[in-house]
Amino acid sequence: MGGGRSGAGSRAGPALRRLPGPQRLLCALESAAGRLPGSRAGPASPWGGSAPRRCRMAARTPASPSYCTTGSTWLHPLSQLLGIPLDQVNFVACQLFALLTAFWFRIYLHPGKASPVVRHAMATILGIYFAVFCFGWYSIHLFVLVLMSYGVMVTASASNIHRYSFFVSMGYLTICHISRVYIFHYGVLSTDFSGPLMIATQKITTLAFQVHDGLGRRAEDLSPEQHRLAVKVKPSFLEYLSYLLNFMSIIAGPGNNFKDYVAFIEGRHIHMKLLEVNWKQLGFHNFPEPSPTRAVIQKLCLTLMSLLLFLTLTKSFPVTFLVDDWFVHKANFLTRLSYLYIVMQAAKPKYYFAWTLADAVHNAAGFGFSGIDEDGNFCWDLLSNLNIWKIETATSFKMYLENWNIQTSTWLKCVCYERVPQYPTVLTFVLSALWHGVYPGYYFTFLTGVPVTLAARAVRSNFRHRFLSSKALKCVYDVVTWAATQLAVSYIAAPFVLLAVEPTISLYKFMVSSVPGLLTFPCPPEDDVAMYFSRLYPSSKDNRVFLFLGPCTFLYTS
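Calculation rules
Residues numbered from 1 in each chain as written. Predicted model: local features only at pLDDT ≥ 70, side-chain atom pairs only at ≥ 80, totals over all residues. Heavy atoms only, no water. Helix = DSSP H or I, 4+ residues; strand = E, 2+ residues; numbered from the N terminus. Buried < 20%, exposed > 50% of the residue type's maximum accessible area, 1.4 Å probe, protein only. Contact = heavy atoms within 4.5 Å. Areas by Shrake-Rupley, 256 points an atom, 1.4 Å probe, with all protein chains shown as cover. Core = buried A, V, L, I, M, F, W, Y, C linked by side-chain atoms within 4.5 Å. Phe/Tyr/Trp six-rings, centres within 6.5 Å; stacked < 30°, edge-to-face > 60°. Axes fitted to C-alpha atoms, helices over the stretch in contact; angles between N-to-C directions. Parallel < 35°, antiparallel > 145°, perpendicular 65-115°, else oblique. Left-handed = near helix turned anticlockwise from the far one by under 90°. Nonpolar A, V, L, I, M, F, W, Y, C, P; charged D, E, K, R; others polar. Patch = residues over 30% accessible without salt bridge, like charges linked within 9 Å, V, L, I, M, F, W, Y side chains within 5 Å. Salt bridge = Lys/Arg side-chain N within 4 Å of Asp/Glu carboxyl O. pLDDT = per-residue confidence, 0-100.

Asker: Describe the overall build of the protein, and please don't skip the residues or the numbers.
Answerer: When its secondary structure is counted, the protein shows 24 helices and five strands. Residues counted as buried form 53% of the 558 residues belonging to the protein. Here the analysis covers contacts within the protein between residues at least 6 apart in sequence; of these, 70% occur between residues at least 24 apart. Summed over its atoms, the accessible surface of the protein is roughly 24,600 Å², and 65% of this surface lies on carbon and sulfur atoms.

Have a look at this one:
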């Protein structure tokens, strides 16, 4: 679901450590939803007692600091004034400063005025400063990962570099995830430093696979996209540091390709894209000079709208209500379903805010130009991480996934889906869950996504053609599939924001108890998951996927 994250920061302090793990996590969710401090009443915890009340008691402990962070405390007065965790204030401050720096970088360190070495060095220095400002000594984890990965890059052979880089980076990231969740008690009392590690892991593995494509494979064995992005010379140390630690993407991403980044630093990025266009047909005799200003302003307006929605909608519909006793035991099914949809909609603005702002930062620096559209307008969406309109109007699970966290989906396709010999869908979802972290909710979400993906394919292949005979039927089909897609995504993604096992199981129980649990769809036998389950059930002769509306319970036979 999400690509780089900003930590929630604890408001409670040391007293919160005395709470049991699930209640501690619920307190963190409640705090992040803006219900603390000062909320008069909160939803009762499914584990007994009022979790918000206990959180407030912990928050009022005299010895506890207001907001915990390992990063800079310069903005602590602003944090107290706004009532927002300090690490979130640091994150936004860094991104806004990065935006201003990006304009300066494009104007005063233009490729015509500064050498690639200077641009690489300045981008790296600023990125390191931002990391230290936001995460303090935790940023050492990021630097250690980068140095270890470069050691693999220069020592490993071209035939194995992708394997070693993948295991080193994913292994280190997983160790850090485990340490935050299980050693530091669900990560509530420590700044979430995993975001930059996740972005760095994407870049490290992407570059390693592209070096492998360029130096370890024959050109005829590559797909057109792999051939275009193949790296045929290993990067220098400065290029490697700049690619991974530059100020534009070190905090919130998104990931990007090494060749595109180097072309941007060397001043070839826009020129390469313009060469793909026949400008004489459009009435131009010379190459135009695309300006990112309009795109940046549009994205900043969208960022501001997302922030306002986060401060209002998100705080008004906290995710903790999904495990409230009244909601679980007394609300009817339509109320549950409606509120589930609203809560999951309310959880989106923070992602819209972070990803759109990160995109604007890159564009302000002159990075992200993708060409022109059908109307002749300049497009700056090469690094865009989402398409909000297509997300909110998606009529299929596939369409939704293709427009949500786009750069992470591209990474998963590059390092997993196109590479593995068997079961690409299953392994891609597993890798996505592992990359996001070790919270149980992530695995509920991504493993549930596998059968839902298969069911969506089956429904589309079996029913869509029946509704194409008239515009009215097609409109009915679109409305029904839109509603089904949005509700299915809300159901699938709920564990992602609940994180822990207990609230997830509680959610599944009250949703499953309201509707029949078993759905059956015919499914094509050539599907990779169908082939997997055919090995488990070789005597079965029918192609069907049996889906329980529960925690990833399904049977698939071929």
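Asker: Please set out the nonpolar core residue by residue, giving values where relevant.
Answerer: Ranked by size, the top nonpolar core spans 71 residues in total, and within it L142, L207, Y240, F247, Y261, F264 and L431 carry the most contacts. In this structure Y261 touches H120, A123, S242, Y243, N246, M248, N256 and F367, once residues within four positions along its chain are discounted. One finds V181, M344, F397 and L454 within the second-largest nonpolar core, a separate group that totals 42 residues.

Asker: Report on helix α11 (residues 258-265), specifying residues and quantitative values.
Answerer: Within α11, seven of the eight residues are buried, which leaves the element mostly enclosed by the surrounding structure. Along α11, the residues classified as buried are F258, D260, Y261, V262, A263, F264 and I265. The secondary structure elements touched by the buried residues of α11 are α4 (86-108), α5 (116-135), α8 (194-215), α9 (224-229), α10 (237-245) and α12 (269-274). At the exit of α11 stands G267, carrying a positive phi of roughly 85 degrees.

Asker: Could you give an account of the packing of aromatic side chains, with specific residues and numbers?
Answerer: Centre-to-centre distance and the angle between the planes together describe a pair of aromatic rings. Taken as a whole, this structure holds 30 aromatic pairs when the rule is applied. Aromatic pair Y243 and F258: ring centres 5.4 Å apart, planes at 90 degrees, arrangement edge-to-face. Residue Y243 is found in helix α10, and its partner F258 is found in helix α11; the two are separated by 15 residues along the sequence. The class of F258 is buried, set by a relative accessible area of 6%.

Asker: Give a detailed account of the packing of α5 against α10, specifying residues and quantitative values.
Answerer: Put simply, α5 and α10 touch, their axes get as near as 8 Å, and they point 45 degrees apart. The orientation of α5 with respect to α10, classified from their angle, is oblique. Every pair of crossing elements has a handedness; the one defined by α5 and α10 is left-handed. Where α5 abuts α10, its residues V117, H120, A121, A123, T124, G127 and I128 lie against L238, E239, L241, S242 and L245. Taken together, the residues of the contact of α5 with α10 break down into seven nonpolar, four polar and one charged.

Asker: Outline a nonpolar patch on the surface, listing residues and values.
Answerer: A grouping of L304, L307, L308 and L311 is seen on the molecular surface, where their side chains present a nonpolar patch of about 330 Å² in accessible area. For L308, the position within the fold is in helix α13 (residues 293-316).

Asker: Explain the pattern of salt bridges to me, and be specific about the residues and the numbers.
Answerer: Enumeration according to the criterion identifies eleven salt bridges in this entry. The salt bridge involving E220 is made with R218; its shortest N-O contact spans 3.8 Å. Ionic contacts of the salt-bridge type, sharing partners, join the residues D213, R217 and R419 into one network.

Asker: Summarise the environment of V168; cite the residues concerned and give the values.
Answerer: Position of V168 among the secondary structure elements: in helix α7 (residues 161-183). With relative accessibility at 26%, the residue V168 sits in the partly exposed group. When the C-alpha positions of V168 and I204 are compared, they lie 9.7 Å apart, and in sequence the two are 36 residues distant. Each residue touching V168, except ones within four places of it in the same chain, is listed here: L145, M148 and V152.

Asker: Run through the confidence of the model for the protein, naming residues and quoting values.
Answerer: Model confidence for the protein is summarised by a mean pLDDT of 79, while 76% of its residues fall at 70 or above. Of all helices and strands in the protein, the one with the weakest mean pLDDT is strand β5 (residues 554-557) (33), whereas α10 scores best (97). Segment residues 4-66 is flagged for pLDDT under 50; beyond a separation of four residues in sequence, or across chains, it makes 133 contacts in the model. Counting interchain partners and residues more than four positions distant, the pLDDT-below-50 stretch residues 515-523 has 32 contacts.

Asker: If you had to explain the environment of P495 to someone new, which residues and values would you point to?
Answerer: Checked against the element boundaries, P495 lands in helix α22 (residues 471-498). For P495, a relative accessible area of 0% gives the class buried. Sequence separation between P495 and Y442 is 53 residues; the distance between their C-alpha atoms is 6.6 Å. If we skip the residues at most four places from it in the chain, P495 touches G441, Y442, F444, T445, T504 and Y508.

Asker: Please give an account of the packing of α8 against helix α19 (residues 406-417) that cites residues and values.
Answerer: Orientation of α8 relative to α19, taken along the N-to-C sense of each, is 40 degrees, at an axis distance of 10 Å. One way to sum up the angle between α8 and α19 is to call them oblique. Both α8 and α19 take part in a crossing whose hand is left-handed. Side by side, α8 and α19 meet where T201, Q202, T205, T206 and F209 of the first sit next to Q407, T408, W411, C414 and V415 of the second. Its residues placed into classes, the contact of α8 with α19 shows four nonpolar, six polar and no charged.

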